[in-house]
Amino acid sequence: MQAMILAAGLGTRLLPHTRVCPKPLFPILNQPLLLLTIKRLQNHGFDSILVNCHHLGDQIVSLVDSLSGVTVLHEDKILGTGGGLRGGLEHMRDEPLLVTNGDIYHTVDFRALYNHHQQNDSVVTLAMHDHHRFNNVMIRDGKVASFDNRVEFTQLAFTGLHVIDPEILEDVEKNRNSCIIDFYRKLLERGESIDCYRVDDCFWTDMGTVDDYLDLHRGLLKDDIPCWAEIGEVRKPYCIDMAAKLPAHIVLEDWVCIGGAHIEDGSHLERVVVWNNVRVAAGSRLVDTVISDGTS
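Structure report, in brief. All values derive from a computational prediction rather than experimental measurement.

### Focus: the overall build of the protein
A count of helical and extended segments in the protein gives six helices and 19 strands. Whereas a compact globule of 296 residues would reach a radius of gyration of roughly 19 Å, the protein reaches 20 Å, a difference of no more than 12%. Judged by the C-alpha coordinates and their principal axes, the protein covers about 65 × 40 × 30 Å. For the protein, buried positions account for 51% of its 296 residues. Here the contacts in the protein between residues at least 6 apart in sequence split such that 58% fall between residues at least 24 apart. Once the 27 positive and 42 negative side-chain charges of the protein are each reduced to a mean point, those two points are 3 Å apart.

Here's what the structure looks like:
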């Protein structure tokens, strides 16, 4: 089975942290999300994985390009979700392709979604759920009816997970920035079927904002969100990397995640994520924040 991870976004809503790290490499409990996603795909049986990148792409190439079964496609100019998928077409096999965004954390069963697509006659299958914040896709009789608000249809949210028959990408213009949803609109106009696969019982979040990123850590460290097996054993509610340097006098409250950082004496950390290679000055009081090279 084959998959593609879309990892070329700019992550502007996560500034200043995306000045020093592309969003797909943001650490989740001190491990890069992209690496965890690749491991999870491989554990579900995906042996060929494409990853596109653009912003700070050298970091992504350095991390995953040597992994078995993984091919990195570096975009000189950002191509969007449509152009990015079209750019990977020549590397795809003649079989369905699972597509996932590189900035989401979820418990959707990749294999079940893929199998569902293989068993229906649609050229595209979207994993959908009822998520009020993002409900903007119209569904009728288990199929996508429209991507524009129309009150007569059920409204659901697209998770960013979909399975496609790669040959449809021939109709996406090559080397041009485009949105795959705009292309899916054209598929509907010409009578193609887009299937809806419901995943309402799964956990899902994207890392669109700093608050989203912090809330994901809160949920993982307070046992409100399931931890992926690929993360391994985690000490909760204080997840501290073995490489972290901690002082004799430090206060940790509620939950805290500390990477390979240097925390100086007398610091107070509460609901904080601290990345690798960061120094927290003596006597600092940090609450509800992310500390990265971009903020230090």
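### Here's the deal with the layout of surface pockets
Empty space among the atoms becomes apparent when a probe as large as a water molecule is rolled across them. Of the pockets and cavities examined, the largest pocket occupies roughly 970 Å³. Around the largest pocket sit 36 residues that line it, and Lys 23, Thr 81, Asn 101, Asp 103 and Asp 206 are the ones nearest its centre. Residue assignment for the lining of the largest pocket shows that the elements contributing at least two residues are β1 (2–7), α3 (80–87), β11 (154–164), α5 (180–189) and β13 (204–206). Top contributing element to the lining of the largest pocket by residue count: β11, with four residues. One number sums up the size of the second largest pocket: a volume of about 350 Å³. As for the second largest pocket, its lining consists of 15 residues, and the residues nearest its centre are Cys 21, Leu 25, Pro 27, Trp 275 and Asn 276. Per-element accounting of the lining of the second largest pocket gives the leading share, three residues, to helix α2 (residues 57–64). By residue class, the composition of the lining of the second largest pocket is eight nonpolar, six polar and one charged.

### Comments concerning α2
Gly 57, Ile 60 and Val 64 are the residues of α2 that are buried. Looking straight down α2, one finds its buried side chains confined to an arc of 60°; they lie on one side. Away from its buried face, by an angle of more than 90 degrees, α2 presents the exposed residues Asp 58 and Ser 62. For α2, the elements touching its buried residues are β1, α1 (33–43), β4 (48–53) and β5 (70–74).

### Looking at unusual backbone geometry
The omega angle of the peptide bond from Leu 15 to Pro 16 is 5°, so this bond is cis rather than trans. Note on placement: Pro 16 falls in the loop between β1 and β2 (27–28). In this chain, Lys 236 is followed by Pro 237 through a cis amide linkage whose omega measures 0°. The residue Pro 237 is located in the loop between α6 (210–221) and β14 (238–240) in this model.

### Points about the pairing of β5
Pairing between β4 and β5: five bridges, direction parallel. Its bridge partner being in β5, Val 51 is matched across the sheet by Val 72. For the segment spanning β4, α2 and β5, crossover handedness is right-handed.

### Quick word on the packing of aromatic side chains
Tallying each qualifying case throughout the model produces seven aromatic pairs. With centroids separated by 5.4 Å and ring planes inclined at 75°, the aromatic side chains of Phe 26 and Tyr 213 adopt a geometry described as edge-to-face. Pair noted here: Phe 26 is in the loop between β1 and β2 and Tyr 213 is in helix α6, with a separation of 187 residues, a long-range link. Judged by its relative accessible area of 1%, Tyr 213 falls in the buried class.

Conventions and cut-offs
Residues numbered from 1 in each chain as written. Predicted model: local features only at pLDDT ≥ 70, side-chain atom pairs only at ≥ 80, totals over all residues. Heavy atoms only, no water. Helix = DSSP H or I, 4+ residues; strand = E, 2+ residues; numbered from the N terminus. Rg over C-alpha atoms; globule rule 2.2 N^0.38 Å. Buried < 20%, exposed > 50% of the residue type's maximum accessible area, 1.4 Å probe, protein only. Contact = heavy atoms within 4.5 Å. Lys, Arg positive; Asp, Glu negative; His and termini not counted. Charge placed at Lys NZ, Arg CZ, Asp CG, Glu CD. 1 Å grid on protein atoms, 1.4 Å probe; cavity = no way out; pocket = protein on both sides within 12 Å on 5 of 7 lines; lining within 4 Å. Points joined across faces, edges and corners; volume = space filled by probe spheres on them. Nonpolar A, V, L, I, M, F, W, Y, C, P; charged D, E, K, R; others polar. Arc of directions from axis to C-beta. Pairing = 2+ DSSP bridges. Right-handed = clockwise from strand over helix to strand, strands pointing away. Phe/Tyr/Trp six-rings, centres within 6.5 Å; stacked < 30°, edge-to-face > 60°.

By themselves, these observations are geometric and do not establish any function.
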